[in-house]
Amino acid sequence: MNRKPDTAAPKPHWLERLFKLEAHGTTVRTELLAGLTTFLTMAYIVFVNPSILADAGMPKDSVFVATCLIAALGSLVMAFAANWPVALAPGMGLNAYFAYVVVQGMGYTWQAALGAVFLSGLCFLAVTLTGLRGIIVAGIPRSMRVALTVGIGLFLAIIALKNAGVVAANPATFVTLGDLRQPGTVLAALGFLMVAVLSARRIRAALLLTILMVTGLSFVFAGNAFQGIVSAPPSLSPTLLALDIPGALTGGLLNVILVLFLVELFDATGTLMAVASRAGLLPEAGRSAALDRALMADSAAIFTGSLLGTSSTTAYLESATGVEEGGRTGLTAATVAVLFLACLFFAPLAGSVPAYATAPALFYVACLMLRDLTALDWDDLTEVIPACVTALLMPFTYSIANGVAFGFITYAVLKALTGRAREVKPVVWVIAAVFLFKFVETGGAH
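This report concerns the structure included in the present document. This structure is a prediction, so every number in the text was calculated from the model and none was measured. Counting restarts for each chain: residues are numbered from 1 in the order of the written sequence. pLDDT decides what is reported in this predicted model: residues at 70 or higher carry local features, side-chain atom pairs at 80 or more are listed and counted, and totals for whole chains, interfaces and linings draw on all residues regardless. Note that water and hydrogens are dropped before the side-chain values are worked out from all heavy atoms of the structure.

A short note on helix H4 (residues 60-82)
- Secondary structure counts use DSSP, requiring at least four H or I residues in a row for a helix and at least two E residues in a row for a strand, with both numbered from the N terminus. What a helix is expected to span follows from its residue count: subtract one and scale by 1.5 Å. Here H4 is 23 residues long and its end C-alpha atoms lie 32 Å apart, about the 33 Å a rise of 1.5 Å per residue gives.
- Of the residues trailing H4, Asn-83 is marked for its positive phi of about 55°.

Structural data, given as C-alpha cells:
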C-alpha cells in the first residue's frame, strides 16, 4: 500500500516563532540590520552617561557596566514582552539633572539620588499598572509637554558648552566666553562640526564616530592618557544596590521624585508612541495588548536601572532609525541588547573619553530638541508664555525642577486670571499646588 506524501508544512524557525517575522512582513536579515542601525545611533550613551554621572562622584567604570547592562536588559524585555523594535537606555537630560542639579546643586549623595530614581520608577510602574498613566498624560497640556523637551534641550546645551570650555563663569555677567585656544575646546568645536556634517549626510553612527574621533585626537593634541581599548568588564559592585531609599524620602528629594516621574512619563510615553506609530504597530483606535506590555517594559527598566547604578532609563527615539531600515519586531531590540552586552568589554576606551569629547554629541542632541518649539500655538499666549517660562528657567536656574515648577504655576495662574480656568485639568492644579507649597516652604533655595 502506497503511503501518501507528507504535505505537512515545515515547522517555522525558532526566531519566527518568537517574533512572528512573517506576520510583520520582515526577515531575520532585515531585523538584524535594523538592530545594528539603532545601536549605532544610540551607542554614544555608553560614553556619555558614565562621563556625566562621574561628575556626581559615581565610579565611572561601574556606571559604564550599569549603562550597558540596563540597556541590554531593558531592550530584551521590550523585545520579548512587547515584540516591538524599541531599544531602551539611560535617558539624556535626566542623567544631567541627576548629576548637576540633585547631587552637585542640591548637595545630596548619589546614593540618595539613585533612591529617588528608584521611587520615581515605582510611581511610574504603579500608574502604568492602574491605568492612571493615560489619564495623567491626557491631563497635561501639550504646550507643557513641548516645554519639557525644549527646556531639557537648553539645559543640555549649557552643560555641553561648559564641558567644552566654550562658556566659563564670570562674576559680573554670570557666564562669558571661555578660552577658545584650549586644545579641548578646539577639539570640541571640530567635533560639533563633524557630527553636524555626518548627520546632514545621514551617517547613522554620527554621534559615536564623533566621540571616538575627538577622543583619538585628544591623545595627540590634548595630553589625554590612553588606557587601552578592550579588557574584562569592570566590577559593578560599587554601584550595585547602593541606592539610599531612606535618604531619598527626605523633604527636598520628594520634589526631585516628582520631576523625575513627570519627565519619565512624557518622554517614555511620547517616544514609544512615536516609534510604534512609524512602524505601523499602533491600532487605529484604542489600546493594544502590545502597547500595554511596552509601557510595562519601560516602567520596569527605570527602577531596575537604579538597582544597577544608573539614572532613569527610557525608550530611545533613535529606535526610529532602525524602523526606517525595516525593523518591525522585537528581534531588532534583541539585536541592540546583544550589541550593548558586547560593549562591556570596551571599558578602558570608555574611561579614556574626556568630557569635551562627549560635549559635541550633547550639544547636537540639544539642538535637535529645540525643534519642538514649532509645535507651540504662538497665537495663544496662555499656552506659549508658560511653555517659554518652563524652557528658559531650566538653564537659567540650572535646574529642570525649577523650570517645571515655574511653568506649571504660571500656566495655572495665567489661565485662571484670563477667565479660562476650566481649561486647566485637575492634574495641572495638583502639580502647580505641590510646587507652590514647596517654594513657600523653602523660599526656592536648595
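Re the layout of surface pockets
- Think of a 1 Å grid over the protein atoms and nothing else: a 1.4 Å probe that fits but is trapped marks a cavity, an open set flanked by protein within 12 Å on at least five of seven lines marks a pocket, and residues with an atom within 4 Å of a point count as lining. Grid points are joined across faces, edges and corners, and a volume is the space filled by probe spheres set on the points. In this model, the largest pocket occupies a volume close to 1600 Å³.
- Residue lining of the largest pocket: 43 residues in total, with Leu-317, Glu-318, Leu-368, Met-369 and Arg-371 positioned closest to the centre.
- When residues of the lining of the largest pocket are traced back to their parent elements, those giving at least two are helix H8 (142-164), helix H10 (206-221), helix H12 (251-278), strand S4 (313-315), helix H14 (319-324) and helix H17 (355-369).
- No other element matches the 9 residues that H12 contributes to the lining of the largest pocket.
- When residue character is reported, Ala, Val, Leu, Ile, Met, Phe, Trp, Tyr, Cys and Pro are called nonpolar, Asp, Glu, Lys and Arg charged, and the others, Gly included, polar. Grouping the amino acids of the lining of the largest pocket by side-chain chemistry returns 23 nonpolar, 10 polar and 10 charged.

Comments concerning the environment of Gly-151
- Residue placement: Gly-151 occurs in helix H8.
- For Gly-151, a relative accessible area of 0% corresponds to the buried category.
- Once the C-alpha coordinates of Gly-151 and Ser-399 are considered, the two residues, 248 residues apart in sequence, prove to be 9.7 Å apart.
- The criterion used for residue contact is that any of the two residues' heavy atoms lie within 4.5 Å. With residues near it in sequence (within four places) discarded, Gly-151 still touches Ala-391, Met-394 and Pro-395. In this scheme, a residue with accessible area under 20% of its type's maximum is buried, one over 50% is exposed, and one in between is partly exposed, where area comes from a 1.4 Å probe on protein chains only.

Focus on unusual backbone geometry
- Here the phi dihedral of Phe-174 falls at roughly 70°; this positive angle occurs in a residue that is not glycine.
- Assessed through its relative accessible area of 69%, Phe-174 is described here as exposed.
- Of note in the backbone geometry, Leu-241 takes a positive phi value of approximately 55° without being a glycine.
- Note that Leu-241 resides in the loop between H10 and helix H11 (245-248).
- For Leu-241, a relative accessible area of 58% corresponds to the exposed category.

Some points on the nonpolar core
- Nonpolar cores are built from buried Ala, Val, Leu, Ile, Met, Phe, Trp, Tyr and Cys residues. Side-chain atoms within 4.5 Å join them into one set. In terms of nonpolar packing, the biggest core is built from 119 residues, with Tyr-97, Phe-98, Leu-156, Phe-340, Ile-400 and Phe-408 touching the most fellow members.
- When residues in this core are grouped by element, the largest group, 12 residues, is from H12.
- Formed by 19 residues, the second largest nonpolar core is a distinct cluster that contains Met-78, Ala-82, Ala-279 and Ala-301.

Considerations on the packing of aromatic side chains
- Pairing of aromatic rings covers Phe, Tyr and Trp, the last counted by its six-membered ring, and requires centre-to-centre distances within 6.5 Å; plane angles under 30 degrees mean stacked, over 60 mean edge-to-face, and any other angle means tilted. Summed over the entire model, instances satisfying the criterion amount to 7 aromatic pairs.
- Their ring planes at 80° and their centres at 5.1 Å tell us that Phe-39 and Phe-340 sit as a pair that is edge-to-face. In this pair, Phe-39 is assigned in helix H2 (residues 28-42) and Phe-340 in helix H15 (residues 330-342), connecting sequence segments 301 residues apart. Per residue, the accessibility class of Phe-39 equals that of Phe-340, and both read buried.
- Seen from their ring centres, Phe-124 and Phe-261 are 6.4 Å apart, and the 80° between their planes marks the pair as edge-to-face. Placement of the pair is Phe-124 in helix H6 (residues 110-130) and Phe-261 in helix H12, with a sequence separation of 137 residues.
- For Phe-124, a relative accessible area of 0% puts it in the buried group.
- Phe-261 gets classed as buried once you look at its relative accessible area, which sits at 9%.

Observations regarding the packing of H4 against H15
- Inter-axis angles, ranging from 0 to 180 degrees, are taken between N-to-C directions of lines fitted to C-alpha atoms, where helices are fitted over the stretch in contact. Packing of H4 against H15 brings their axes to within 8 Å, and their N-to-C directions diverge by 165°. Here H4 is positioned roughly antiparallel relative to H15, judged by the angle of their axes. Between H4 and H15 the crossing geometry is left-handed. Contacts between H4 and H15 pair Cys-68, Leu-69, Ala-71, Ala-72, Ser-75, Leu-76 and Ala-79 from the former with Gly-330, Ala-333, Ala-334, Val-336, Ala-337, Phe-340 and Leu-341 from the latter.
- Class assignment for the residues of the contact of H4 with H15 results in 12 nonpolar, 2 polar and no charged. Every angle not falling under 35 degrees, over 145, or within 65 to 115 is termed oblique; those three ranges are roughly parallel, roughly antiparallel and roughly perpendicular. Should the near helix be turned counterclockwise from the far one by less than a right angle, the crossing is left-handed, whereas a clockwise turn marks it as right-handed.

Observations regarding the pairing of strand S2 (residues 167-170)
- Across 4 bridges, S2 lies against strand S3 (residues 174-177) in antiparallel orientation. Directly across from Asn-170, in S3, lies its bridge partner Phe-174.
- Strands qualify as paired when DSSP identifies two bridges or more between them. Counting the residues in the hairpin turn of S2 and S3 gives 3 residues.

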